[in-house]
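One-letter residues, chain by chain:
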Amino acid sequence: MTAERAELRHRLESVVRFLAEEIGPRPPGSKAERRTAEWLAQQFAEMGYEPAIEEFACPAHGAEGASLSGLAQEIQVYPTQHSPVGRVSGALRWLGFGEEHLLKELDGSIGVLMARGSLAERHRLLDRLESAGMRGVIVAGPYANTVTGKAVRSGRLNRLLTATISLRAARRLPNHFGQRVTLEITGDRPEVTGTSQNVLTRLPGSGPHSLVVCSHYDTAACCPGALDNATGIALMLELARRFKGRRPAATLLFVGTGAEEFGAEDYCGRGLAPFFQARLDDLPNFIACFAVDGVGDALGVRQLRVSGPRAFAAAVPTFENVSVGPHYHGPEDTPDIVDFDALADMLPVCSATMDALAECRPFYRYVRKDDLLIRPARWDDIPAICEITRQAFGPFSLARMREDFFGEQVGGKPWHRHKVESVRAAAQGQLDWHIVAEIDGQAVGYASYFLRVRAPDIAEVGNNAVRPEHQGRGIGMAMQQEIMARLEEEGFRRWTVTTLINDIPAQRIYAKMGFQELTRMLIYLRQ
């Protein structure tokens, strides 16, 4: 091992051990997370950068420990993320997976819940349990011998204490159902309107574009966070050190993000959302966001997940899949599971990826014509997309026709709820397959497409909708031209689209785009 290699490995290990062992768990909005942010800013400054700390609102975690007493045997419990603190006593109750027949007479009790279903569903269940007067919930799973501090992470509970246990520990509880126990969560009271922060610095480039290189420094509750994500922070610092003094083709923005473990439905992490929200005017100049997370797993292999256009995927190398062990988000995420040689090997890989991306132009176009802007859809556009759907699809919706035919709502919901729910699910699942038409900062239309749905080499045009007051101005045609340009860039030469026979405006657009009618479909209904 060369002296340079040995020094690199030493610096990486020192950062990981400092964060995981000296600071320890750094959950969103906590004092430990703030301490880490200030330390990270100091590291940038010592390299000669000018760091900044940008705060944003985030529910603050304060719990540090948990205990369950009143049993003949000791059960190890941990606080879950954003649990209130306090001490409550009550009868131990079985909640199963949240089955309806088990959710009765809950007032004053402490429940045992299995972790199943989506996180949003679990959080709605917690809201209901708190309203019913339940005092505490112990969430079991998903691992046999360890726990995850993110089994639930509502951030909006006021009284309901939440803790987590392993599946093995949960199997020791059935004989104690009905017995009075005491659950205690210690630490600082959480703040629903707390604060987290991003730490960022800038290396100017020679061109007009920017590349974000980010890594989150927070952890799940009760998690030392060596692999997730002290390793990412250590590697990002080394990347900043390596590029210092250079003038890359694009400006590099190194960002240590807070509250990533709080998460969000957009899968973006709580910190990146306000970072980009503060830079909306400059979004057309951003090439990509390169996130470094979970690198150096002793049981893992290199992996690069790419989400975006084909040209973006082709610009960077790809790696094999990666394995994730049962230490994920739990107390066993310690430096012992990190392979520091493998971590050091990732430095030239990440550096080469940054070099490749910095030479690129932004992959998503922002097309402006007079007062009309056609741009990539963003997560905060989804409510507007749903409202445009409700307004624009009234005359041209199969769901509306069914409702009119039967003379009543189908499934107990008005027609537009059926349509909107499918549109929302599609946008949340694949937002980069959506574009938005904007005038004076307001979304006035949207269009979507699907790749490799009907056949491997046929792209499918999805919805194309414009607010009624803006129809007749060529916005629908302009969006379809952008859709066609995107599909050509993706390498597709065959496209398909389906529309209703009474949607004459859509048929005119598709005819002008060169689509030819193939067949017509008959749909029968019967009272």
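The coordinates are above.
Residues numbered from 1 in each chain as written. Predicted model: local features only at pLDDT ≥ 70, side-chain atom pairs only at ≥ 80, totals over all residues. Heavy atoms only, no water.

J.: I'd like to hear about the nonpolar core, residue by residue, with values.
T.: The biggest cluster of nonpolar side chains holds 56 residues, and the ones touching the most others in it are L40, F44, I233, F254 and M354. For this core, the secondary structure elements donating two or more residues are α1 (3-23), α2 (31-46), β9 (195-203), β10 (210-216), α5 (226-243), β11 (251-257), β12 (286-291) and α8 (340-358). Among the elements that take part in this core, α5 stands out by supplying 11 residues, more than any other. With residues up to four places along the chain from it excluded, the contact list for F44 reads Y49, P51, V199, T201, M236, L237, A240 and F254. With 25 residues, the next largest nonpolar core counts I435, L451, M479 and A506 among its residues. (Core = buried A, V, L, I, M, F, W, Y, C linked by side-chain atoms within 4.5 Å. Buried < 20%, exposed > 50% of the residue type's maximum accessible area, 1.4 Å probe, protein only. Helix = DSSP H or I, 4+ residues; strand = E, 2+ residues; numbered from the N terminus. Contact = heavy atoms within 4.5 Å.)

J.: Explain the sheet that holds strand β1 (residues 52-57) to me, and be specific about the residues and the numbers.
T.: Pairing in this open sheet of five strands is mixed, and the strands run β1-β9-β11-β10-β12 from one edge to the other. Every other strand in the sheet has two partners, leaving β1 and β12 as the edge strands with one partner each. When the angles between neighbouring strand axes are averaged without regard to direction, this sheet yields 25 degrees. As paired strands, β10 and β11 are joined by seven bridges and run parallel to one another. If you follow V213 over to β11, its bridge partner there is F254. (Pairing = 2+ DSSP bridges. Axes fitted to C-alpha atoms, helices over the stretch in contact; angles between N-to-C directions.)

J.: Describe helix α12 (residues 475-489), and please don't skip the residues or the numbers.
T.: The end-to-end C-alpha distance of α12, which contains 15 residues, comes to 21 Å, matching closely the 21 Å that a straight helix rising 1.5 Å per residue would cover. Burial analysis of α12 places 11 of its 15 residues in the buried class, the great majority of the element. Among all positions in α12, only I475, G476, M477, A478, M479, Q480, E482, I483, M484, R486 and L487 are buried. Following α12 by one or two positions, G491 has its phi on the positive side, about 95 degrees. (Expected span 1.5 Å × (residues − 1).)

J.: Explain the packing of aromatic side chains to me, using residue names and the numbers behind them.
T.: Across all of its chains, the model carries 11 aromatic pairs by this definition. With a centroid separation of 6.2 Å and 75 degrees between ring planes, the pair formed by F44 and Y49 is classed as edge-to-face. Residue classification places Y49 among the buried positions, given a relative accessible area of 5%. Between F275 and F276, the ring centres sit 5.0 Å apart and the planes meet at 80 degrees, which makes this aromatic pair edge-to-face. With respect to class, F275 is no different from F276; both count as buried. One aromatic cluster in this structure is built from F44, Y49 and F254. (Phe/Tyr/Trp six-rings, centres within 6.5 Å; stacked < 30°, edge-to-face > 60°.)

J.: Tell me what's going on with the packing of α2 against α5, and back it up with residues and numbers.
T.: Two numbers describe a pair of packed helices, the interaxial angle and the distance between the axes. Two elements in contact, α2 and α5, have axes separated by 10 Å at closest approach and are oriented at 20 degrees. Considering the angle they form, α2 stands roughly parallel to α5. Crossing of α2 against α5: the hand is right-handed. Residue-level inspection shows W39, L40, Q43 and F44 of α2 in contact with α5, the latter providing I233, M236, L237 and A240. When grouped by side-chain class, the residues that make up the contact of α2 with α5 number seven nonpolar, one polar and no charged. (Parallel < 35°, antiparallel > 145°, perpendicular 65-115°, else oblique. Left-handed = near helix turned anticlockwise from the far one by under 90°. Nonpolar A, V, L, I, M, F, W, Y, C, P; charged D, E, K, R; others polar.)

J.: Go over the environment of S166, please, and point to the residues and values.
T.: Note that S166 resides in the loop between β7 (161-165) and α4 (167-170). It is 48 Å that separates the C-alpha atoms of S166 and P204, two residues lying 38 residues apart in sequence. For S166, the residues in contact, after removing those within four places along its chain, are G141, Y143, A144, N145, T146 and V147. Polar contacts involving the side chain of S166 include one to the main-chain carbonyl oxygen of A144, which spans 3.4 Å. A distance of 3.1 Å separates the side chain of S166 from the backbone nitrogen of A169, its partner in a polar contact. (Polar contact = N/O pair within 3.5 Å; in protein donor to acceptor, adjacent residues only side chain to side chain.)

J.: Break down unusual backbone geometry for me, with residues and values.
T.: For the bond from G141 to P142, the omega torsion is 15 degrees, close enough to zero to count as cis. That bond from D228 to N229 is cis: its omega, 15 degrees, falls within 30 degrees of zero. Among the structural elements, N229 can be located in helix α5. Within the chain, E105 stands out as a residue other than glycine whose phi angle is a positive 50 degrees.

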